[in-house]
Amino acid sequence: MVIRKIAILFSGTGSNLEKLLETLHRKTFEHCTIDVVCTICNRPNAQGIEKSRSFGIEPIIIDHTLFESREAFDKILVKTILQSGAELTVLAGFMRFLTPYFTQHIKAINLHPSLLPLFKGSNAIKESYDSTLKVAGISVHYVSEELDGGEIIAQRSFEKTSSMSFEEFEAKIHALEHTLLPETVINLLNRREYE
Ligand code: GAR
């Protein structure tokens, strides 16, 4: 059985990190076993740090405020991921703009809380809620040099009703994220050709 190694990057609450660890870590699927070889966080006080520890994985903290430039931060990030042996990196609420140095060295996917290409950037949930659109949703896409602009891999949508509060809307987004991201990682890695 092939072991497929992944790295997970996060910045905050870490609810998606937790779902990934619960669903994938050291779990065996038809064509592979998935091993989360490292978790990396750029904020020393992020809630997700404890979540990672509860799965026995001590997160690597790379505090972006200690670096003089985005590229200097990305160089250490890339080195850490390459050293871990991860073949796929999953951005699960990792709130950093990445430089071409990162995208040229690392194969990564990102979770975004809107139906891309709509509502790119860090305020997607609010913008999507405030829009006149009657549907909303989430996307998983490859990370490219363009912010939230890489090839879309998977999306899930729902109907936005006028009675929905912002809190209900946000909860719906997160509930969809918690199933779509792990499913997408499994679909990418659990392929016969990798046997
Ligand atoms: C998620 O909603 C994710 O889609 C979003 O951050 C949240 C992280 O939540 N990511 C972005 O906005 C990326 N542009 P979590 O820390 O509970 O997983």
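Please read all numbers here as calculations on a predicted model, not as lab measurements.

1. Digging into helix α1 (residues 15–24)
Turning to α1, its buried residues number three or more, namely N16, L17, L20, L21 and L24. All buried residues of α1 lie within an arc of 140° about the axis, which places them on one face of the element. Positioned one or two residues after α1, R26 has a phi angle of 60°, which is positive.

2. Quick word on the environment of C41
Within the secondary structure layout, C41 lies in strand β3 (residues 32–41). Of the residues examined, C41 reaches a relative accessible area of 0% and is grouped as buried. Each residue touching C41, except ones within four places of it in the same chain, is listed here: F10, S11, A46, I49, I60, I61 and I62.

3. Overview of the site of the ligand
Lining the immediate surroundings of the ligand are T13, G14, S15, N16, G93, M95, L111, H112, P113, H174 and E177. Here a nitrogen atom of the ligand and a side-chain polar atom of H112 are 3.2 Å apart. For the ligand, an oxygen atom lies 3.5 Å from a polar atom in the side chain of H174. Contact with the protein chains removes 88% of the 450 Å² of surface that the ligand exposes when unbound. Under a 2 Å grid-point criterion requiring more than half of the atoms, the pocket assigned to the ligand is the largest pocket. For the shell around the ligand, the secondary-structure elements that each account for two or more residues are α1, β6 (108–112) and α6 (166–189). Looking at the shell around the ligand residue by residue, the classes come out as three nonpolar, seven polar and one charged.

4. Describing helix α3 (residues 70–84)
With 15 residues, α3 ought to run about 21 Å at 1.5 Å a step, and its terminal C-alpha atoms sit 21 Å apart, in line with that. Residues of α3 that are buried: F73, D74, L77, V78, T80, I81 and S84. In a view along the axis of α3, the buried residues occupy a sector of 165°, so they form one face of it. Note on α3: the residue one or two positions beyond its end, G85, has a positive phi of about 85°.

5. Considerations on the packing of aromatic side chains
Going through the model one piece at a time under the given rule, you end up with four aromatic pairs. Ring geometry for Y129 against F166: centres 5.3 Å apart, planes inclined by 80°, an arrangement best described as edge-to-face. Highlighted residues: Y129 in helix α5 (residues 124–130) and F166 in helix α6, separated in sequence by 37 residues. Note on Y129: relative accessible area 26%, which makes it partly exposed. With a relative accessible area of 23%, F166 lands in the partly exposed category. An aromatic cluster of at least three residues, connected via ring pairs, comprises Y129, F158, F166 and F169. Over the ring of Y101 we find K75; its NZ or CZ atom is 5.3 Å from the centre of that ring. One Lys or Arg, R96, reaches over the ring of F73 and ends 5.1 Å from the middle of that ring.

Each value, and the rule that gives it
Residues numbered from 1 in each chain as written. Predicted model: local features only at pLDDT ≥ 70, side-chain atom pairs only at ≥ 80, totals over all residues. Heavy atoms only, no water. Buried < 20%, exposed > 50% of the residue type's maximum accessible area, 1.4 Å probe, protein only. Helix = DSSP H or I, 4+ residues; strand = E, 2+ residues; numbered from the N terminus. Arc of directions from axis to C-beta. Contact = heavy atoms within 4.5 Å. Near = heavy atom within 4 Å. Polar contact = N/O pair within 3.5 Å; in protein donor to acceptor, adjacent residues only side chain to side chain. Areas by Shrake-Rupley, 256 points an atom, 1.4 Å probe, with all protein chains shown as cover. 1 Å grid on protein atoms, 1.4 Å probe; cavity = no way out; pocket = protein on both sides within 12 Å on 5 of 7 lines; lining within 4 Å. Sits in = over half its atoms within 2 Å of the grid points. Nonpolar A, V, L, I, M, F, W, Y, C, P; charged D, E, K, R; others polar. Expected span 1.5 Å × (residues − 1). Phe/Tyr/Trp six-rings, centres within 6.5 Å; stacked < 30°, edge-to-face > 60°. Lys NZ or Arg CZ within 6 Å of the ring centre and 35° of its normal.

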